[in-house]
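Take a look at the letters that make up each chain.
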Amino acid sequence: MASNELKILILDPDNMASRLCGSYKGVNFKICGEPHESSERKERSLYTLKKDERGEKCRVFYQGGLVAEIPVRIPHFERGLKAKIFKIEMDKGSATQKIVLPELQRCEDGSLKTNLNQESRFLDSMIKWRLQSIKLKEESTNQAVLKILLSSSESGIAVSPELMQSWTLVINDCVKNNQPVTLSMSLAIGTRIPNRLKYFDDVNLPTFGWMYFFFFIRLLHEKVKLVYPPGIKMVIFDEAWLFGRYLGISRDIIEVNLKAVQRIIDLMDVPVEIILMQEEHFDLAEVNQIEPRVSLSQVYGFLCSLPEMNNPAVMHHLYRRRKRNYTKIQMAAGALWEEAQKKCGQVAQYLAWRKKTNLFGRLISGNYIDTTITDKDERLVLDITCSLMNHGMPVTRYNNNGMLKVDIVPEYRIPGEYESVAPVWIQKADFGIDMEGSFKFYYIET
């Protein structure tokens with residue numbers, strides 16, 4: 001063999017590719033044991049093969065980072081695997097983007113601590129890792145943008161042809177003017193829900209759930225940029241400023257939380273603008289004339305947000321079952337059900353007036369696509385797995401290749417639903433606010 005032939009060592013602990021040895025396009029593949037078993041290790045590229053959890057895919061790692069996934073049952077699997085690794089070797093600059101996991105600090109008291117910068121670097125590395133696997137098709141810019149938006153939305157949501165056409169027109173207008181595609185969303189992004197079953201502490205600051213939410217928006221932006229450089233712009237109308245009073249949340253607290261949220265947005269470089277929903281935007285006389293229409297499900301959701309609702313039996317079905325015995329729930333909740341029904345109706349009046357008068361359109365001053373994170377027909381429902389980030393603590397876990405999974409769970413349920421988790425703490429000062437001490441940022445499965 002010529003001395004200048006490229007040499008690749010393969011660690012295969014799961015015995016997935018025993019016949020991978022041999023030459024491929026001038027590259028010599030060799031299966032080996034542990035890296036230290038070869039004195040030539042420094043002169044060769046080393047890849048590690050591992051099965052995924054279901055045994056359906058072969059995961060390829062380089063320098064500790066996942067660089068490829070190959071279905072095991074494809075025809076000529078081992079030749080395809082060689083071809084993939086060969087391609088990675090030929091273009092390591094773009095194909096070997098690694099996921100950089102946060103390095104949690106173990107303190108003397110046994111607790112785990114993190115910081116905002118390393119969590120941001122981790123999510124940024126995940127974005128780059130995902131982008132490198134995207135393959136673009138030859139199609140018009142406008143059509144490509146629409147496909148990316150639809151691929152990031154929930155399936156099974158009814159969307160009329162007329163609404164789809166209106167989205168197309170918004171994209172056409174933005175592309176024509178070389179402007180970011182504007183998306184809107186209404187969300188209480190400026191507060192946690194102050195319920196002690198959802199959060200044990202009273203720290204109204206963003207958890208890692210907010211970072212994961214913005215990770216989704218940033219990833220969507222970067223995907224669109226691949227086909228349309230201006231990308232997207234997300235305008236979030238903060239409901240907390242307008243409706244926080246119904247949950248006893250002061251605007252001073254919301255203001256501090258929004259400052260912390262903006263710190264995350266800036267650090268993660270997310271194209272998000274927050275507009276506060278305020279009374280001055282509404283005609284209160286007209287709002288009060290609207291007949292409130294709320295479902296039992298909506299009242300139940302509001303009930304589980306009230307600070308006084310501390311009965312686990314009432315909250316038991318939240319985020320779990322759509323079919324609930326509301327008669328029993330009302331009896332268990334007592335007077336709180338009537339309070340929730342009244343306040344939920346008042347919120348519904350504002351929202352109905354907002355839609356009727358196209359408030360968002362007037363505040364944005366341009367065409368936009370209205371999005372949401374909860375299942376609603378005739379909307380672009382973004383498929384964010386931890387969408388209700390202000391309703392519970394994030395529980396995170398990593399699989400063998402560093403990919404992240406996040407659940408949002410009312411904190412009272414965590415001890416009973418997760419066998420082994422540990423809280424991860426973060427300094428309040430990390431968020432650019434004048435506060436001392438630390439708080440629980442997320443839980444991690446250990």
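Residues numbered from 1 in each chain as written. Predicted model: local features only at pLDDT ≥ 70, side-chain atom pairs only at ≥ 80, totals over all residues. Heavy atoms only, no water.

On to the packing of helix α4 (residues 141-151) against helix α6 (residues 208-227), then. At a minimum axis distance of 9 Å, the contact between α4 and α6 shows a crossing angle of 160 degrees. Relative to α6, α4 is oriented roughly antiparallel. Along this stretch, α4 crosses α6, giving a crossing that reads as right-handed. For the pair α4 and α6, the contacting residues are T141, A144, V145, I148 and L149 in the first and L220, K223, V224 and V227 in the second. Of the residues contributing to the contact of α4 with α6, the split by class is seven nonpolar, one polar and one charged. (Axes fitted to C-alpha atoms, helices over the stretch in contact; angles between N-to-C directions. Helix = DSSP H or I, 4+ residues; strand = E, 2+ residues; numbered from the N terminus. Parallel < 35°, antiparallel > 145°, perpendicular 65-115°, else oblique. Left-handed = near helix turned anticlockwise from the far one by under 90°. Contact = heavy atoms within 4.5 Å. Nonpolar A, V, L, I, M, F, W, Y, C, P; charged D, E, K, R; others polar.)

It is worth spelling out the sheet that holds strand β11 (residues 272-276) at this point. With respect to topology, five strands assemble into an open sheet ordered β11-β10-β9-β12-β13, the strand pairing being parallel. With partners counted over all chains shown, the strands left at the sheet margins are β11 and β13 (380-381), one partner each. Bridge analysis of strand β9 (residues 181-187) against strand β12 (residues 369-372) gives two bridges, and the strand direction is parallel. The residue bridging L183 from the neighbouring strand is I369, located in β12. Seen against the sheet, α6 touches β9, β10 (232-238) and β11 and runs at an angle of roughly 150 degrees to β10. Against the sheet, helix α8 (residues 251-268) engages β10 and β11, with an angle of about 165 degrees to β11. (Pairing = 2+ DSSP bridges.)

This part takes up unusual backbone geometry. A positive phi angle, close to 55 degrees, is found at H76, a residue other than glycine. Classification of H76 as exposed rests on a relative accessible area of 67%. Backbone geometry places N358, a non-glycine residue, at a positive phi of 55 degrees. Topologically, N358 is positioned in the loop between α13 (335-356) and α14 (359-364). Judged by its relative accessible area of 40%, N358 is partly exposed. (Buried < 20%, exposed > 50% of the residue type's maximum accessible area, 1.4 Å probe, protein only.)

Turning to the side chain of R413, a few remarks are in order. Among the secondary structure elements, R413 is positioned in the loop between β15 (404-409) and α15 (414-417). Among buried charged residues, R413 stands out as having no salt bridge; its nearest opposite-charge side chain is E417, 4.3 Å away. Leaving out residues up to four positions away in the same chain, R413 has contacts with M315, H316, H317, L318, Y319 and R320. (Lys, Arg positive; Asp, Glu negative; His and termini not counted. Salt bridge = Lys/Arg side-chain N within 4 Å of Asp/Glu carboxyl O.)

Okay, the nonpolar core next. By size, the foremost hydrophobic cluster in this structure holds 120 residues, and its most contacted members are I189, F213, F214 and L303. Ranked by residues supplied to this core, first place goes to α6 with 12 residues. What F214 contacts, discounting residues up to four positions off in sequence, is I189, I236, V261, I264, I265, M268, V270 and V272. Counting residues in each nonpolar core, the second largest holds 21 residues, with I8, M16, V27 and A68 among its members. (Core = buried A, V, L, I, M, F, W, Y, C linked by side-chain atoms within 4.5 Å.)

Take the pattern of salt bridges next. Opposite charge on two side chains lets them pair, provided their charged atoms get close. For the structure shown, the criterion picks out 18 salt bridges. Residue R59 is joined to E69 by a salt bridge in which the shortest nitrogen-to-oxygen separation is 2.8 Å. Taken together, the residues R59 in strand β5 (residues 57-62) and E69 in strand β6 (residues 65-71) connect sequence positions 10 residues apart. With relative accessibility at 8%, the residue R59 sits in the buried group. When salt bridges that share partners are traced, they join D124, K128, R218, E222 and K225 into one network.

What follows concerns the packing of helix α10 (residues 296-303) against helix α12 (residues 326-333). The N-to-C vectors of α10 and α12 enclose an angle of 30 degrees; their axes lie 12 Å apart at closest approach. Taken together, the axes of α10 and α12 are roughly parallel relative to one another. Of the two elements, α10 crosses α12, and the hand of that crossing is left-handed. The residues of α12 that touch α10, namely those facing L296, S297, Y300 and L303, are Y326, I329, Q330 and A333. Its residues assigned to classes, the contact of α10 with α12 shows six nonpolar, two polar and no charged.

Our focus in this paragraph is the packing of aromatic side chains. Using the criterion set out here, one finds 15 aromatic pairs in the structure. Centroid distance F431 to F439: 5.7 Å. Interplanar angle 40 degrees. Geometry classified as tilted. Ring centres of F439 and F441 lie 6.3 Å apart, and the angle between their planes is 85 degrees; this geometry places the pair in the edge-to-face category. There is no split in this pair, since F439 and F441 are both buried. The positively charged end of K50 is found above the aromatic ring belonging to F61, 5.3 Å away from the centroid. One cation-aromatic arrangement involves R354 over F360; the distance from NZ or CZ to the ring centre is 4.1 Å. (Phe/Tyr/Trp six-rings, centres within 6.5 Å; stacked < 30°, edge-to-face > 60°. Lys NZ or Arg CZ within 6 Å of the ring centre and 35° of its normal.)

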